[in-house]
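Structure at a glance
The lines below spell out each chain.
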Amino acid sequence: MTELKQSLIRRIEATGPITLAEFMAECLMHPQHGYYQKERVFGKDGDFITAPEVSQMFGEIIGLYMADRWYKMGKPQSFHLIEFGPGRGTLMADILRATAPVEGFVDAAEVHFIETSLQLRELQKKKVPHGNWHDTLNTVPEGPSLIIGNEFFDALPIHQYERQNGEWLERRVHVEDGVFQLVVTKPTAHVALIPEHMKDGPDGSIAEICPSALSIMGDIALRLNTHGGSALFLDYGYRISSFGDTFQALKNHEYVDPFAEPGAADLTAHVAFDQLHRAATEAHSKAYGSTPQGMFLMALGIGSRAQALASGADAAKQEKILSELKRLTAPDEMGTLFKVLAVQNHELPPPPGF
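Please read these numbers as outputs of a predicted model, since none were measured by experiment. In this numbering scheme, every chain counts its residues from 1 along its sequence in written order. The predicted origin of the model limits local features to residues at a pLDDT of at least 70 and limits the giving and counting of side-chain atom pairs to 80 or more, whereas totals for whole chains, interfaces and linings rest on all residues. The side-chain numbers reported here are obtained from all heavy atoms of the structure, hydrogens and water having been left aside.

Observations concerning empty space enclosed by the protein
In this analysis a 1.4 Å probe is tested at points of a 1 Å grid over the protein atoms alone, and where it fits but cannot get out there is a cavity; an open set with protein on both sides within 12 Å along at least five of seven lines is a pocket; lining residues have an atom within 4 Å of a point. Grid points are joined across faces, edges and corners, and a volume is the space filled by probe spheres set on the points. Applying the stated rule across the entire model yields one cavity of 30 Å³ or more. If you trace the largest cavity, you find 16 residues lining it, with C210, A213, H270, V271 and A272 closest to the centre. Those elements that place two or more of their residues in the lining of the largest cavity are β9 (206-209), α8 (211-227), β14 (271-272) and α9 (273-282). Asp, Glu, Lys and Arg are counted as charged, while Ala, Val, Leu, Ile, Met, Phe, Trp, Tyr, Cys and Pro are counted as nonpolar; the rest, among them Gly, fall into the polar class. Grouping the amino acids of the lining of the largest cavity by side-chain chemistry returns 12 nonpolar, two polar and two charged. Helix and strand assignments come from DSSP, with helices taken as H or I runs of at least 4 residues and strands as E runs of at least 2, each series counted from the N terminus.

A closer look at the environment of F180
Along the chain, F180 falls in strand β8 (residues 179-185). Each residue is assigned to one of three classes by its accessible area relative to the maximum for its type, calculated with a 1.4 Å probe on protein chains only: buried under 20%, partly exposed between the two thresholds, exposed over 50%. On the accessibility criterion, F180 (7% relative accessible area) is buried. Distance in space between the C-alpha atoms of F180 and I12 is 9.8 Å, their sequence separation being 168 residues. Contact partners of F180, with chain neighbours within four places excluded, come to K5, L8, I9, I12, F23, V173, H174, V175, F259 and P262. Should any heavy atoms of two residues lie within 4.5 Å, those residues are counted as being in contact.

Regarding the pairing of strand β11 (residues 248-251)
Strands are labelled as partners when DSSP assigns at least two bridges between them. In the sheet, β11 pairs with strand β13 (residues 266-268) via three bridges, with the strands oriented antiparallel. Across the sheet, the residue bridging to A249 is L267, located in β13. Relative to strand β12 (residues 254-256), β11 runs antiparallel, the two being bridged by three bridges. Bridge assignment links K251 to a residue of β12, and that residue is E254. Two successive antiparallel strands, β11 and β12, enclose a turn made up of two residues, where N252 displays a positive phi of approximately 55°.

What to know about the packing of aromatic side chains
Aromatic pairing here means that ring centres of Phe, Tyr or Trp (its six-membered ring) are within 6.5 Å. Orientation follows from the plane angle: under 30 degrees is stacked, over 60 is edge-to-face, and everything else is tilted. Across all of its chains, the model carries 17 aromatic pairs by this definition. Each ring, one from F113 and one from W133, has its centre 5.2 Å from the other, and the planes form 40°; the classification is tilted. Of this pair, F113 sits in strand β3 (residues 109-114) while W133 sits in strand β4 (residues 132-134); the two residues are 20 residues apart in sequence, bridging distant segments of the chain. Among the residues examined, F113 registers a relative accessible area of 0% and is labelled buried. Overall, W133 belongs to the buried group, its relative accessible area being 18%. Their ring planes at 65° and their centres at 5.1 Å tell us that F152 and F153 sit as a pair that is edge-to-face. Each member of the pair F152 and F153 is classed as buried. These aromatic residues form a ring-pair network of at least three members: F23, F180, F247 and F259. We note K125 situated over the ring of W133; from NZ or CZ to the ring centre the distance is 5.5 Å. Across from the ring centre of Y288, 5.8 Å away, lies the NZ or CZ of K286, which sits over that ring. Counted as over-ring charges are cases with an Arg CZ or a Lys NZ within 6 Å of the ring centre that also lie within 35 degrees of the ring normal.

A closer look at helix α1 (residues 3-15)
The periodicity of an α-helix, 3.6 residues per turn, causes residues three or four places apart in sequence to face the same way. By this rule the span expected of a helix is its residue count minus one, scaled by 1.5 Å. With 13 residues, α1 ought to run about 18 Å at 1.5 Å a step, and its terminal C-alpha atoms sit 18 Å apart, in line with that. For α1, the set of buried residues is L4, K5, L8, I9 and I12. Along the axis of α1, the buried positions cluster into a sector of 135°, meaning they face one direction only. Facing away from the buried surface of α1 by more than 90 degrees, the exposed residues are E3, R10, E13 and A14. On the buried face of α1, the contacting elements are β1 (18-19), α2 (20-29), β7 (167-176) and β8. Immediately downstream of α1, the backbone of G16 shows phi near 100°, a positive value. Working definition: the arc comes from the directions between the helix axis and the C-beta atoms, pointing outward to the latter.

A few points about the sheet that holds β12
If you trace the three strands from one edge of the open sheet to the other, you get β12-β11-β13, paired in antiparallel fashion. Looking at strand neighbours, the two that pair on one side only are β12 and β13, the edges of this open sheet. Each strand axis lies, on average, 40° off the axis of its neighbour in the sheet, ignoring direction. With axes taken as lines fitted to C-alpha atoms, and helix axes fitted only over the stretch in contact, angles between N-to-C directions fall between 0 and 180 degrees.

Re the pattern of salt bridges
Salt bridge criterion: a side-chain nitrogen from Lys or Arg within 4 Å of a carboxyl oxygen from Asp or Glu. On inspection of all chains with the given rule, the structure shows 18 salt bridges. Its salt-bridge partner being E22, residue R11 comes within 3.2 Å of it at the nearest N-O pair. You can see R11 sitting in helix α1 and its partner E22 sitting in helix α2, a full 11 residues away along the chain. By relative accessible area, which is 29% here, R11 ends up partly exposed. Residue classification places E22 among the partly exposed positions, given a relative accessible area of 30%. Connected through salt bridges with shared partners, the residues E60, D94, R97 and R305 form a single ionic network.

A few points about the layout of surface pockets
By volume, the largest pocket amounts to about 730 Å³. Residue lining of the largest pocket: 38 residues in total, with G85, I114, E115, F152 and L156 positioned closest to the centre. Top element by residues in the lining of the largest pocket is α2. It accounts for four residues. Considered class by class, the residues forming the lining of the largest pocket number 19 nonpolar, 10 polar and nine charged.

Take a look at the structure:
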């Protein structure tokens, strides 16, 4: 039994069942035993592969998108280039490389990472040594901003509610004979955040809410509305909130029991893009999407970029590039499950790809 599991069991035995959000937060971000303190999380040797690790093309396309938004902002001589949940720093490194030929962009950019894991910060410093690190957006200085987040919101802790006898109850994590299990209890105040179209769901329905995601999106939208700029988020999830249990765990690229080994597997849930969209607009920013990742990347020219990279390459290299393109854009790969949401200041023209 791991130290984190022992700690969680002691906590539950002392205070009673904890919310799923509390369980996720401890498993992922415990300062000593949390999942994101592991040495290897991303890549083939880790537990999962994100789009920037699939191909350099992903970061290049995102970089050109950011350059376009910078031009539309009037090419400010100084701006904050902010990434939420930057992983190993691969995406930011690719963005900076792709935008190096854009006169003035890299010189004007001040890079900021929103990252709480000390382990991941060290990996990011190897790829982007001149970055600035923050626990939250609140400590990033004021000013125009370009913001990116890839697979950030899916790892934020969720609350789950179950409909019984016409009312919503909260699903909490309890322990019995050393085994974690879900029980239903009176709901927390966050139950009020269940979208209107879901509130009268049938008995047996499960609704998921991520208050921290809504709060963060509100903060982002307020910053953009006040100081100018644009944000782009890519993640897997649904365009319109629906019923169902999407809480899951990944270890060694396979789905595992999320309660079996706390801290040893990545815990995630599908992102409710309609809720993020609403949080942005309620904070008086303009939101676009969500739109499927495959359509977005193809609209921005990733197909042409793949052709350029493959031109003159040997057969093995061409096959690799085609495989990477398919992984990022095909409906049966990341193309449909992953969605894209843009949020920006009202003064900016609509973003490309939507």
